[in-house]
Amino acid sequence: MQQIARSVALAFNNLPRPHRVMLGSLTVLTLTVAVWRPYVYHPESVTPIVKAIELPKSEIRSLLPEASEPIDQTASDDDVDAIPQDELDEKTSSEAGVHEYVVSTGDTLSSILNQYGIDMGDISQLAAADKELRNLKIGQQISWTLTADGDLQRLTWEMSRRETRTYDRIDGGFKMSSETQQGDWVNSVMKGTVGGSFVSSARDAGLTSGEISAVIKAMQWQMDFRKLKKGDEFSVLMSREMLEGKQEQSQLLGVRLRSDGKDYYAFRAEDGKFYDRNGTGLAKGFLRFPTSKQFRVSSNFDPRRLNPVTGRVAPHKGVDFALPQGTPVLAVGDGEVVVAKRSGAAGNYVAIRHGRTYTTRYMHLRKLLVKPGQKVKRGDRIALSGNTGRSTGPHLHYEVWINQQAVNPLTAKLPRTEGLSGSDRKDYLAQVKEVLPQLKVD
Ligand SMILES: [Zn+2]
C-alpha cells in the first residue's frame, strides 16, 4: 500500500506543471464527492430527491468525531416507518402540537422541560419572566407549543381553576399574561352506549373533543378503546365551568366503563392523577433500561445534534448503548407491539405502544422475538441486540416517545407504580364514595 502511494507521488512529481494542476484538482473533486454525504430533510409527504452516497463503513467512521464508538446514522425518524395512527389519534388531532404535562412529586420547571429537550436558555428566560414559575404545585397542568425549529413558542400554566398564565416568546425573552376565570363550576353526568366508535358515541352523549380525550387518557392503562364492542356502556362525571351560559373549561372527575359485563373505573385525585376504586395507581412502572443490566452509553439523546459533515441539525432521538451482539432486549413496560420488522436505516426494529401516551423503539436488532399486535409485559424479551441497518458497530438504539415527541430515555419521567396513602387516600376514598353512585349504568 505504501509502495503504491510512493510510486503515485513519484509519477505525480514527474508530470509537467499544467498536468499536475489538472490531476490535483480532479483528485480534490473526487474526494469531495466521496466525502460529502448529503443530508436531506424531508417531511413524510415529500420524496427525497438526493440519494445518499454509500461509503464503506471504515470511511464513515473516520469522518465522525467518536470514531471509536459504535454509532448509527439513524439521523431522524424520516428513515423509519412512522408509528401507525388510529382513529382516536385522528379524531382528537385538534390538540396536535400541544404538549401537556401534569406536575407531580419532585418536578421543577426545568426538570419537566429539560426531558423534552427544551433549551436551558429558554427555561431560564421563562423563570426570569415570572419568578413564581419556580413554585409549581402538584396537580397543576402546564402545556406548551414549539416552533418548527423545536424552540419553545408558548407555555401555558394552569395555576388553579381560577388563574391561567401564558408566556409568549418575544425578542430576547418571554412575555407573561394572566387570565382569571370567574365562572361557576357545575357537575354533570353523561351516559351512553357504544354504537359505532367510542368517540362518536361519547360525542352523542354530549362530551366535547377535549373531554373525550381526557376520558381516553384516564382509562388508557385498563382499556384499549379500539376494542370496545357494540353495547358496551359508559358513564362520565365532568365538572364544567360555566361563564355567562357558556362552557369555559372542564375537568374529568370520574369515569366508569362496562365492557363485556366487566366494570372499569378511574377517579381523579387532588394530585390531578387517576386511580382505581381503592386508590391504587393505574399505570405500572417502567424499567429505566431495556436490558437486564446497565450498559455503557455510547451516544446520548441530542435533539440538536449536528451532522459533522453537513453542519445541519440531525437529531439523535434516542440513546445508544454499547452492548455485545445477542444481548436480550426487554420491553420496558406493558404494551402492544406495533412494529416488528426490518426497515432500512433502523435495521430490525421493534416499536411498542404503552397506553396512549408512551411509545418505545428499539433498533439495529439481530433477531426479533415478537410480532406486530402481540401483547407484551414489562421485562419480556422482545429481541436480541445486533448491528443491522445503518450502524457501524454492535449497539442498541433506544427511544422513548411521550405524546408523539421523542424524549431523553435516561431522564424522562416514566410511569411509576403509584398509590395513595395516609390522609390523601382517605380523602380520595371519601370522594369515590360520593362519585360512584352517580356513575350508574344499567
Ligand atoms: Zn442511536
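Residues numbered from 1 in each chain as written. Predicted model: local features only at pLDDT ≥ 70, side-chain atom pairs only at ≥ 80, totals over all residues. Heavy atoms only, no water.

Looking at an unreviewed UniProt entry, the chain carries the name Murein DD-endopeptidase MepM, with the source organism given as Kosakonia pseudosacchari. As recorded by UniProt, the Subcellular location (unreviewed entry) comment attached to the chain reads in full: "Cell envelope". Turning to the chain, the UniProt record has this under Cofactor (unreviewed entry): "Zn(2+)". (UniProt positions renumbered as here; feature names shortened; annotations may be inferred.)

**Student:** Just give me the short version of the pairing of strand β2 (residues 141-146), but keep the residues and values in it.
**Tutor:** Judged from the four bridges that link them, strand β1 (residues 99-102) and β2 form a sheet pairing that is antiparallel. The partner of V102 across the bridge, within β2, is Q141. Following β2, the chain reverses through five residues before pairing antiparallel with strand β3 (residues 152-158); G150 in that reversal takes a positive phi of roughly 85°. (Pairing = 2+ DSSP bridges. Helix = DSSP H or I, 4+ residues; strand = E, 2+ residues; numbered from the N terminus.)

**Student:** So what's going on with the sheet that holds strand β6 (residues 184-193)? Which residues, and what values?
**Tutor:** Backbone hydrogen bonds are what pair the strands of a sheet, in a parallel or an antiparallel way. With antiparallel pairing, the five strands of this open sheet are ordered in space as β6-β7-β8-β9-β10. Of all strands in the sheet, those bounded by a partner on one side alone are β6 and β10 (274-275). The pairing of strand β7 (residues 233-243) with strand β8 (residues 246-259) spans 11 bridges and is classified as antiparallel. Looking across to β8, one finds that M238 is bridged to L252.

**Student:** Describe unusual backbone geometry, with residues and values.
**Tutor:** Where the residue is not glycine, phi is negative for most of them; where a peptide bond is considered, it is trans in most cases. Here D260, not a glycine, exhibits a phi torsion of approximately 55°, which is positive. Topologically, D260 is positioned in the loop between β8 and β9 (262-268). In this structure, N403 takes a positive phi of about 50° despite not being glycine. Examined against the element boundaries, N403 turns out to sit in the loop between β19 (395-402) and β20 (405-407).

**Student:** Please give an account of the pattern of salt bridges that cites residues and values.
**Tutor:** Throughout the structure, instances matching the rule amount to 16 salt bridges. Between K227 and E336 there is a salt bridge, with the nearest N and O atoms lying 3.7 Å from each other. Of this pair, K227 sits in the loop between α8 (209-219) and β7 while E336 is found in strand β14 (residues 335-343), placing the two residues 109 residues apart along the sequence. Overall, the relative accessible area of 16% leaves E336 in the buried class. One salt bridge in this structure joins R256 and D263, with 3.2 Å as the shortest N-O distance. Residue R256 is classed as buried on the basis of its relative accessible area of 10%. Residues joined in a network through salt bridges with shared partners are D130, E132, E163 and R165. (Salt bridge = Lys/Arg side-chain N within 4 Å of Asp/Glu carboxyl O. Buried < 20%, exposed > 50% of the residue type's maximum accessible area, 1.4 Å probe, protein only.)

**Student:** Go over helix α9 (residues 422-435) with me, naming the residues and quoting the values.
**Tutor:** Helix length check: α9, at 14 residues, gives a terminal C-alpha distance of 20 Å against a target of 20 Å (1.5 Å per residue), a fit within 8%. By the burial criterion, the buried members of α9 are Y428, V432 and V435. Taken end-on, α9 shows its buried residues confined to a sector of 65°, consistent with a single buried face. Turned more than 90 degrees from where α9 packs its buried face, G422, S423, K426, D427, K433 and E434 sit exposed. (Expected span 1.5 Å × (residues − 1). Arc of directions from axis to C-beta.)

**Student:** Break down the sheet that holds β3 for me, citing the residues and quoting the values.
**Tutor:** If you walk across this open sheet you meet the five strands as β1-β2-β3-β4-β5, and the pairing is antiparallel. Edge strands, defined here as strands with exactly one partner in the open sheet, are β1 and β5 (173-180). For this sheet, the mean inter-axis angle between neighbouring strands, taken without regard to orientation, is 15°. Bridge count between β2 and β3: six bridges; the pairing is antiparallel. Note that in β3 the partner of W144 across the bridge is L155. On the sheet, helix α6 (residues 120-129) packs against β3, β4 (163-170) and β5 and is oriented at approximately 50° with respect to β5. (Axes fitted to C-alpha atoms, helices over the stretch in contact; angles between N-to-C directions. Contact = heavy atoms within 4.5 Å.)

**Student:** Just give me the short version of the environment of F301, but keep the residues and values in it.
**Tutor:** Note that F301 resides in the loop between β11 (297-299) and β12 (319-322). Judged by relative accessible area, which is 12%, F301 ranks as buried. Each residue touching F301, except ones within four places of it in the same chain, is listed here: G117, H316, K317, G318, V319, A406, V407, N408 and P409.

**Student:** Tell me about the nonpolar core, and please be specific about residues and values.
**Tutor:** Counting 45 residues, the largest nonpolar core has L113, L126, W144, V350, Y362 and I382 as the members making the most contacts within it. Looking at this core, the element that brings in the most residues is β19, giving four residues. Apart from residues lying up to four places away in sequence, L113 is in contact with I118, I123, L126, W144 and L155. By size, the runner-up hydrophobic cluster in this structure holds 25 residues, among which are F225, V236, V255 and A266. (Core = buried A, V, L, I, M, F, W, Y, C linked by side-chain atoms within 4.5 Å.)

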